[in-house]
Amino acid sequence: MYPSELLPPRKGGKYNIQCAHAIFKPEEQHQILPKETTLYTTIIRSPIKRFVSAFSYFGKDKSTRQDSNRTLTLDETIQKWFSQMEEEISPTNTTAFTDYVVNGLARDLGFNEYLEREGTLQEKIDDFVDDMLQEFDLVLLTDYFDESLVLLKELMGWEYRDIFFMKRFYTTDRSRKDSVLSPETEYLIRKYNLVDVQLYNVFHQVFRQKVREFGEERLRNQVTEFRVLRDEFENNCYEKPEDSEVFKKKEWELTEWGRKEHACTFLHMPDIKIDFLVSELQANSDFTDLQGQDNVSELYKKEPMSEEEKEFMLSIQAAHDQHVLG
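A few points on the structure.

1. So, the overall build of the protein chain
When helices and strands are tallied, the protein chain shows 15 helices and four strands. Per-residue burial for the protein chain yields a buried fraction of 39% across its 326 residues. Relative to all contacts within the protein chain whose residues are 6 or more apart in sequence, the contacts with residues 24 or more apart total 66%. Only carbon and sulfur atoms are counted for the fraction: they give 49% of the accessible area of the protein chain, which is about 19400 Å².

2. Side note on a negative patch on the surface
A contiguous patch of negative charge on the surface is contributed by Glu-123, Asp-126, Asp-127, Asp-130 and Asp-131. Its location among the elements puts Asp-131 in helix H6 (residues 121-135). The partly exposed category is assigned to Asp-131, whose relative accessible area is 31%.

3. Describing unusual backbone geometry
Residue Asn-103 is not a glycine yet carries a positive backbone phi of 55°. Tracing the backbone shows Asn-103 in the loop between helix H4 (74-89) and helix H5 (104-108). What makes Asn-103 buried here is its relative accessible area of 0%.

4. What to know about the nonpolar core
Counting residues in hydrophobic clusters, the biggest one holds 48 residues, and the most contacted among them are Leu-109, Phe-111, Phe-128, Met-132, Val-195, Leu-199 and Tyr-238. If you list the elements that add at least two residues to this core, you get H5, H6, strand S2 (138-141), helix H7 (145-156), helix H9 (194-214), helix H10 (216-237) and helix H12 (262-268). Those residues in contact with Phe-111 that sit more than four places away from it in its chain are Thr-98, Ala-106, Leu-121, Lys-124, Ile-125, Phe-128 and Val-195. Core analysis: the next-biggest nonpolar cluster, separate from the first, contains 17 residues, Val-52, Ile-78, Val-101 and Val-102 among them.

5. Re helix H2 (residues 47-57)
The buried fraction of H2 amounts to eight of the 11 residues, a majority that puts the element mostly inside the structure. If you check which residues of H2 are buried, you get Pro-47, Ile-48, Arg-50, Phe-51, Val-52, Ser-53, Ala-54 and Phe-55. Buried positions along H2 lie against helix H3 (60-65), H4, H5, helix H8 (183-192) and H9. Count one or two residues on from H2 and you reach Gly-59, which has phi positive near 80°.

6. Quick look at the packing of aromatic side chains
Both the distance between ring centres and the angle between the ring planes are used here to describe each pair of aromatic rings. Within this structure, the stated rule accounts for 20 aromatic pairs. In this structure, Arg-107 is placed above the aromatic ring of Tyr-100, and the distance from its NZ or CZ to the ring centre is 4.1 Å. Between Arg-218 and the ring centre of Phe-214, over which it is positioned, the NZ or CZ distance is 3.9 Å.

7. Some remarks on the packing of H7 against H9
Their axes nearest at 11 Å, the elements H7 and H9 cross at an angle of 60°. Judged on the interaxial angle alone, H9 and H7 are oblique. Note that H7 runs across H9; the crossing there is left-handed. Contacts between H7 and H9 involve Glu-147, Ser-148, Val-150, Leu-151 and Glu-154 from the first element and Phe-207, Lys-210, Val-211 and Phe-214 from the second. When the residues that make up the contact of H7 with H9 are grouped by side-chain class, the tally is five nonpolar, one polar and three charged.

8. Digging into the side chain of Thr-77
By the element assignment, Thr-77 lies in helix H4. Ignoring any residue separated from it by four or fewer positions in sequence, one finds Thr-77 in contact with Phe-55, Asp-61, Thr-64, Arg-65 and Leu-72.

9. Quick notes on the environment of Ala-263
With respect to the element layout, Ala-263 can be found in helix H12. When the C-alpha positions of Ala-263 and Arg-161 are compared, they lie 8.6 Å apart, and in sequence the two are 102 residues distant. If near-sequence neighbours (up to four positions away) are discounted, Ala-263 is found in contact with Arg-161 and Phe-233.

10. Details of the pattern of salt bridges
Here the structure, examined in full by the defined rule, presents 11 salt bridges. The residue Lys-25 makes a salt bridge to Glu-113 at a minimum N-O spacing of 3.2 Å. With Lys-25 in the segment before helix H1 (26-32) and Glu-113 in the loop between H5 and H6, this pair connects stretches of sequence that are 88 residues apart. When its relative accessible area of 17% is taken as the criterion, Lys-25 is described as buried. With relative accessibility at 40%, the residue Glu-113 sits in the partly exposed group. Glu-186 is the partner of Arg-190 in a salt bridge, and the nearest nitrogen-oxygen pair spans 3.8 Å. One end of the pair, Arg-190, and the other, Glu-186, are both in helix H8, four residues apart, so they sit about a helical turn from each other. Under the relative-accessibility criterion, Arg-190 is labelled partly exposed at 37%. Overall, the relative accessible area of 27% leaves Glu-186 in the partly exposed class. Where salt bridges share partners, they join Arg-230, Asp-231 and Glu-234 into one cluster.

The rules behind each value
- Residues numbered from 1 in each chain as written.
- Predicted model: local features only at pLDDT ≥ 70, side-chain atom pairs only at ≥ 80, totals over all residues.
- Heavy atoms only, no water.
- Helix = DSSP H or I, 4+ residues; strand = E, 2+ residues; numbered from the N terminus.
- Buried < 20%, exposed > 50% of the residue type's maximum accessible area, 1.4 Å probe, protein only.
- Contact = heavy atoms within 4.5 Å.
- Areas by Shrake-Rupley, 256 points an atom, 1.4 Å probe, with all protein chains shown as cover.
- Patch = residues over 30% accessible without salt bridge, like charges linked within 9 Å, V, L, I, M, F, W, Y side chains within 5 Å.
- Salt bridge = Lys/Arg side-chain N within 4 Å of Asp/Glu carboxyl O.
- Lys, Arg positive; Asp, Glu negative; His and termini not counted.
- Charge placed at Lys NZ, Arg CZ, Asp CG, Glu CD.
- Core = buried A, V, L, I, M, F, W, Y, C linked by side-chain atoms within 4.5 Å.
- Phe/Tyr/Trp six-rings, centres within 6.5 Å; stacked < 30°, edge-to-face > 60°.
- Lys NZ or Arg CZ within 6 Å of the ring centre and 35° of its normal.
- Axes fitted to C-alpha atoms, helices over the stretch in contact; angles between N-to-C directions.
- Parallel < 35°, antiparallel > 145°, perpendicular 65-115°, else oblique.
- Left-handed = near helix turned anticlockwise from the far one by under 90°.
- Nonpolar A, V, L, I, M, F, W, Y, C, P; charged D, E, K, R; others polar.

Structure follows, in structure tokens:
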């Protein structure tokens with residue numbers, strides 16, 4: 001993401017947060033939010049879990065699962081895919097393959113630029129990991145999601161309500177009965193995702209160190225408290241279907257209390273819609289006048305704003321302008 005690709009800050013303001021999917025390019029990022037005055041965080045996942053998730057999400061599972069006379073297990077499917085792709089993705093002494101599925105974590109954090117440097121693959125990985133250690137103030141782990149959020153809260157000086165979340169998108173297909181991986185398959189995943197594996201191992205060690213510095217018992221207590229408060233907030237916000245284990249959370253309706261609570265509206269909105277509305281507000285719209293609301297209605301015909309969402313966006317606008325204009 002380059003500075004020239006961004007909308008300018010809202011009139012009278014400045015950039016103070018960036019949260020988006022993008023290939024991490026430190027030189028460009030620092031032009032937007034200087035490292036000296038900015039806290040940089042990211043989140044990563046266990047390489048095996050990340051690979052299996054991406055393998056399914058990007059369709060490699062479905063395209064490889066069918067054999068001549070039967071449906072392969074997930075374990076067999078992954079082994080078959082690696083055998084078909086070995087020549088293309090096998091690492092060498094100087095390079096490693098990266099895309100959305102293989103070494104996807106390293107790709108997202110900008111490792112491809114390191115592949116253009118002189119030296120062995122291991123030297124490139126070492127340089128990459130060292131630089132990432134310098135760039136990020138905190139790396140969250142999805143494998144310890146609640147614990148990571150509590151550490152983020154501490155770093156940012158936030159309250160519990162600032163880290164409330166709603167699990168909106170997960171797939172039931174990943175709970176297939178045949179989803180257990182053999183040691184051989186896990187070995188293959190680690191072999192071809194060697195950059196992700198090394199990066200994760202280092203940041204896992206860093207995470208454990210931060211837990212020790214925070215205090216393990218203190219963290220356990222705060223995670224327990226956070227989970228209780230989050231569940232209470234979620235139950236106050238939404239009318240849930242009885243079968244809440246199945247993916248129906250998109251269909252949750254706001255309660256009467258939730259319709260008055262902006263945080264409930266925020267968590268209820270699809271992220272694509274939030275991104276659009278905030279971008280529109282940042283660029284030129286004033287939701288307090290008819291033209292601003294007409295712009296939103298015209299540009300977002302597929303899913304008009306609800307009254308709660310309009311009220312939520314008005315609150316963002318008012319808070320920003322009050323902060324900037326006094």
